[in-house]
Every structure is written in C-alpha cells, then in structure tokens.
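# Summary of the model geometry
Residue-level listing of the chains:
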Amino acid sequence: MEMDKILKPVNYLIKEKSIPFLTENRRLIAQFILTALFFALGIWFLKHEQAELSEVKTSLINSTWIWILAGIGMTAMYIALQGFMYVTSFSAIQCRIGLKDTVLLFLKRNLISVFLPAGGVSSLVFFTTPIENKGLTKSQIHYASTIYGFVGILSVIIVAIPAFIYALVKGNADGNEWIALISLLLLTGFLYFLYRWLMLKGRFYQYVLKFFPSV
C-alpha cells in the first residue's frame, strides 16, 4: 500500500504531465538534442585536429593572398549557385522561395551532412521549419529537395562521363573508377524510375501512401 502511494503520484506525473509535454515539444527537443550533438562533435573535432589546424594557420600566413581571395570568391559563387538550384527546384513544383532562404537552407544542410551517414542525401530531410513558415507544406519541401538531390547527382554524372572518357583514352582509368561510375549511373536510373512510379500513382504509390499519408 505504501508503495502504491509512492508510485501513484509518479505515474500521474508521467502520464499527465511528462508524456503530453514530450509530445507537444518533440520537435524542439529533437532540435536541442541535434544541436548538442553538433556542439559535442565540434569540440571533439577541435581537440582531435589541433595539429592540422595549426598547419592550416601557417599555410594561410605563407600563402599568396590574391589566390585566397579568389578561392573565397569562388566559394561564394558556388554557394550562390547551390541556392539558385534550390530556387529552381521549388519553381519546378510551382513554389516560389527567395534566394536568401535557399542559401541558408543549403548552408545548414551542408554543415550537418559532414556528420551524417550518406550526408548528401540524408541531410535533405532537415531544416524544413523555416521554409514551412513561408507557407509551404512539408511534402512540397521534401519534393523540391528530392528534385535538388537528383539534379545534383545528375550534374556529377554529366561532368564525370567526359572525364572518364578522357581517362580511358589516356589509359588512366582503372576498375575501381569504372565501378564508381556504373554505381552512380544505376543509382540515378533507380531514382528516376522511382519518381516515375510515384507519378503514375499505381501500386507502388499506394504502398508508399500507407506509410507516408502526407505525400
């Protein structure tokens, strides 16, 4: 009886207070955990790579500043182009979004992709809230992000094929490089047919709809 008296308020606290709080604030809690993880990884990186960071500092001091500025300019251009890719990806599904928002989205996703398995792909599901606040649905954001990811992979293939042909002519291409190219082609083909199957709204679409009703 005494044990029941002790456990009763504990059970009430868990069922009536803790669970509703966790349910209502699950997104905030998840973001807090993710932020804490990134801070921990950042601290670990700084401690683990102190020698390399010192070498980077020395290299920068001894470098020609005009080339450093040129590199910064090219990086800024690259970031802007990635932002434009997001803009056009959203435009493809009749959604308008500003370059500033897409650049921030790219920078955030690019940062966490370093710490995630298959980061370039898995990072596409993160940081949807700021875009949702612009009036877009989560399904639209994921759809546009999928287009962005597919075009990104396709652009790699477009650049890689001439490079592989040149390497083949010169006799510099080995088996591992061809395996990588073929794997990339197969992945792109799979993603394309996956997209087509969804658009046809057949059995595959109905199957996906059972697990993701929001699509």
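Our subject is the structure that appears above.
Residues numbered from 1 in each chain as written. Predicted model: local features only at pLDDT ≥ 70, side-chain atom pairs only at ≥ 80, totals over all residues. Heavy atoms only, no water.

### A few points about the overall build of the protein
Here is the rule we go by: Starting at the N terminus, helices and strands are each numbered in turn, a helix being any DSSP run of H or I of at least four residues and a strand any DSSP run of E of at least two. Contacts: residue pairs with any heavy atoms within 4.5 Å of one another.
In terms of helices and strands, the protein carries 10 helices and 0 strands. Each helix and strand of the protein, ordered N terminal to C terminal, gives the series α-α-α-α-α-α-α-α-α-α. Partitioning the contacts of the protein with sequence separation of at least 6, the portion at a separation of at least 24 is 50%.

### A few points about the packing of helix α4 (residues 65-91) against helix α5 (residues 99-113)
Rules: Helix axes are fitted to C-alpha atoms over the stretch in contact, other axes to C-alpha atoms as well, and angles between N-to-C directions run from 0 to 180 degrees. Roughly parallel covers angles under 35 degrees, roughly antiparallel covers those over 145, roughly perpendicular covers 65 to 115, and oblique covers all other angles. Each crossing gets its handedness from the near helix: less than a right angle anticlockwise from the far helix is left-handed, clockwise is right-handed.
Two elements in contact, α4 and α5, have axes separated by 8 Å at closest approach and are oriented at 110 degrees. Looking at the two axes, α4 sits roughly perpendicular to α5. With respect to the hand of their crossing, α4 and α5 are arranged in right-handed fashion. Touching Y78, I79, A80, Q82, G83, F84, Y86 and V87 of α4 are L99, T102, V103, L105, F106, L107 and R109, all from α5.

### Digging into α4
Here is the rule: What a helix is expected to span follows from its residue count: subtract one and scale by 1.5 Å. Buried means the residue's accessible area, taken with a 1.4 Å probe over protein chains only, is under 20% of the maximum for its type, while exposed means over 50%, and partly exposed covers the values in between.
Here α4 contains 27 residues, and its C-alpha end-to-end distance of 39 Å stays within 8% of the 39 Å for a straight helix at 1.5 Å per residue. Of the residues making up α4, those classed as buried are I68, Q82, G83, Y86, V87, S89 and F90. Where α4 is buried, its residues contact α3 (50-62), α5, α7 (129-132) and α8 (138-170).

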